[in-house]
Amino acid sequence: EKESRDAPNTGHGSTNTPGKDSLTTDAELAAAFRIMAATKSPDKEGDNFGAAATRDDGSVCGIQRAKALESRVVELIAAIGDIVNGAGNRTVQRTDPVFEYFCEKCILSLLVDIAKEVRQGNKDAKGNKANPESSFHGVVWSGLVKAQVYQTVSLLISDVRNRSIVYYLLSNNYINELIQCMQPVQQWTEPAIAAMLPAYVDLLKSLTLQLADDPHLFPFLTIECNQNEDDVDSDDQDSPSVQFPLFSAALETACSYYAQSDSHAYATCLAIIVNLMQIPHTPIQTWMSQSSVSQRMLADHLCQRLLDRYSRITYLTTGPVVDGPRHNAVASQLMSLKDHMGMIHEVFWSGVRGLDVRLCESLLQRVVSVLLKNLSQALPKRPFLIVGLVDADVIPEPEALAQVATVIFSFMFSNLAYVPFQRMLAVALFHPKSTPIWSTLQWIQKMESPDDYVFMPALSDIVNNDQSRETCPNSFREEIIKSLQGKYGEWRTAVSAFFFPKVLFAEGK
C-alpha cells in the first residue's frame, strides 16, 4: 500500500520498526500528528467545534506513539540549545567549534523551518495547498515542539556577547521569519497557544533588549516590502516602505485575546512596545512616526481596554451594598486601572511624532465622550426595598455608571501627566461652553490623518473663543456642580469630593 504523504517520512526519523507498535499504521500515526497539531483544523474541531478523533485501539496507540516522538524531539531541540549555549553558561563567548558547526550546518534555518511548518492534511494554516515534497516529520506540527524552538532561539539571542555572532543570528531574515510565522495567533489551538505564547513573548523581549543595547541592529530586524503586498496598507500613503516584524508582532499579540488573558504576557508585550518606541535612534523613530496603521491600532486598543475596565467596574458596583468579595474585586480592578493609566502615560511620552496627538483625540472621541454621556443620565425610580437592606444601599446601573465615570476622570487627572490632554479634558468638564458634537458625532473608526480629528479642534476653538464654531451650554459642568451640591444624594457627592482634588493638583491645571 502506498504510504500517505501525511505519514512520517522514513528519511527523517521514522520509527516504523518491525515488530514494534504493530497496532499502529503509518496512516494512524499521521492522523495522530494531525490531531496534535498546533493549528486549528477540521481534524480536531470539526464543523461543531467538537473533537472528530476516533477511539479505536489503533488510534490510541497512534496518539501514544506520537506523544513519545513529540517528547523526544522537544528534548533534542532543548539539548541543541544547551550545547550551543555552553550548557547554560552565560559567560561563554561562543567562539568554540560547536557554535561554528551550528552556523556551518545552518541549524538556525532548520529550527525556523520547523516553527513555520503548519501543514494540515493537504493544506497549510492559510488554506493554501501544501507542498507535497515536504520532508518534515509530522511531529513538527506540535505546539510543544514549536514552543521549544522559540525558547531555544530566545536563549541563543539573549546569551550573545559577540557582535559578529549577533549579526549572523539576525541575518538572512531567519529571526524575522520566526517572528512572523506566529501571526496571526488566532490560527493556533488553545493548548498550543498556552505552550507557545510565553516562549514567543520571551523571544520578542530578548530581541528588544538587544536592539535597545545596539540600535544599529534595526536594519537586521526589518523587511523591505512593496506597497502592493497584502500585508502592507497600500491605501495609506504614509505607510513605511519596510516592515518591522518585532514591533508589529508585539502589538498584534498584545491586542489578541490570548495575551490579554495572561497578565504577564500582556504586560510584557506592552513594555516591549513602549521600549521600542523610546529607543533614541532616528531610523526607528522615523518608522514609528510614519506607521499610522500601528499608531491607530495601539490607540484604539488602549481606549478599548479602558472602556472594558469601565464596564467591569460598573458591573461590580451595580446592585446591593458591596460585600467582601465584590469589594476585593473592585479594588483589584482599580489597581489594574491605575496600571493601565500608567501605560497610557508612557505612550504619551514615548517621543513618537504624532502619536501623542492621535492618542489624545482617540481618548476624547472613544472614552471621554462615553463617560460624559453617562454623567447626565436621568436616574430611574428607586427599586423596591430589599429585605435586610435599606433602599439607599441599592445602587442602580445609571448611578453606578456616573460614579465610575467620575472615578475614571479622577484617575485621568492624577495619572496622565500629559498637559495638552489634561487641559482638553478640563475644558470639556468645566468650561461654560461646550460643543454639540459630544452627543451628535459617531465614532470615526479610521482616523487617517490630523484632518480627521474633531474634538481637539472643537475644544481648542472654545478656548480661543472662535465665533465660527457652534457652541452650546456645558451641561456636563452643571451635572458636576449638582453632584457636589448633593442633588444626587450622598452616593455621588463623596465620589465628586474625591474627584476635585485630583483636578486642582493636576500638572495641567
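Everything here concerns the structure above.
A few points on the structure. (Residues numbered from 1 in each chain as written. Predicted model: local features only at pLDDT ≥ 70, side-chain atom pairs only at ≥ 80, totals over all residues. Heavy atoms only, no water.)

## Overview of the pattern of salt bridges
And then number 1: Across all of its chains, the model carries 5 salt bridges by this definition.
And then number 2: Among the ionic pairs, Glu-70 bridges to Lys-67, the shortest N-O distance being 3.1 Å. Of the two residues, Glu-70 and Lys-67 both sit in helix α2 (residues 57-84), 3 residues apart, roughly one turn of that helix.
And then number 3: Its relative accessible area of 4% is what places Glu-70 among the buried residues. (Salt bridge = Lys/Arg side-chain N within 4 Å of Asp/Glu carboxyl O. Helix = DSSP H or I, 4+ residues; strand = E, 2+ residues; numbered from the N terminus. Buried < 20%, exposed > 50% of the residue type's maximum accessible area, 1.4 Å probe, protein only.)

## Some words on unusual backbone geometry
And then number 1: Geometrically, the link from Gln-183 to Pro-184 is a cis peptide bond, its omega value of -5° lying close to zero.
And then number 2: With respect to the element layout, Pro-184 can be found in the loop between α7 (174-180) and α8 (190-213).
And then number 3: Positive phi outside glycine occurs at Cys-106, with the angle close to 55°.
And then number 4: Looking at where Cys-106 falls in the secondary structure, it is placed in the loop between α3 (97-104) and α4 (107-116).
And then number 5: Cys-106 gets classed as partly exposed once you look at its relative accessible area, which sits at 37%.
And then number 6: You will see that Asn-173, though not glycine, has its phi angle at about 65°, which is positive.
And then number 7: A residue is classified by how much of its surface remains accessible, and Asn-173, at 28% relative accessible area, is partly exposed.

## Overview of the packing of helix α16 (residues 397-415) against helix α17 (residues 419-430)
And then number 1: In the contact formed by α16 and α17, the axes pass within 10 Å of each other and the chain directions differ by 145°. When the axes of α16 and α17 are compared, the crossing they make is left-handed. Contact residues: α16 offers Phe-409, Met-412 and Phe-413, while α17 offers Phe-421, Gln-422, Leu-425, Ala-426 and Leu-429.
And then number 2: Counted by class, the contact of α16 with α17 contains 7 nonpolar, 1 polar and no charged residues. (Axes fitted to C-alpha atoms, helices over the stretch in contact; angles between N-to-C directions. Left-handed = near helix turned anticlockwise from the far one by under 90°. Contact = heavy atoms within 4.5 Å. Nonpolar A, V, L, I, M, F, W, Y, C, P; charged D, E, K, R; others polar.)

## Examining helix α20 (residues 475-485)
And then number 1: Within α20, the full set of buried residues consists of Phe-476, Glu-479, Ile-480 and Ser-483. Summarising the axial view, the buried residues of α20 lie within an arc of 95°, below the 170-degree limit, and thus occupy one face.
And then number 2: Where α20 is buried, its residues contact α15 (355-375), α17, β3 (433-434), α18 (437-440) and α21 (490-504).
And then number 3: For α20, the N-terminal capping position is held by Asn-474, with its side-chain oxygen 3.1 Å away from the main-chain nitrogen of Phe-476.
And then number 4: One or two steps after α20, the chain reaches Gly-486, where phi turns positive at roughly 85°. (Arc of directions from axis to C-beta. Polar contact = N/O pair within 3.5 Å; in protein donor to acceptor, adjacent residues only side chain to side chain.)

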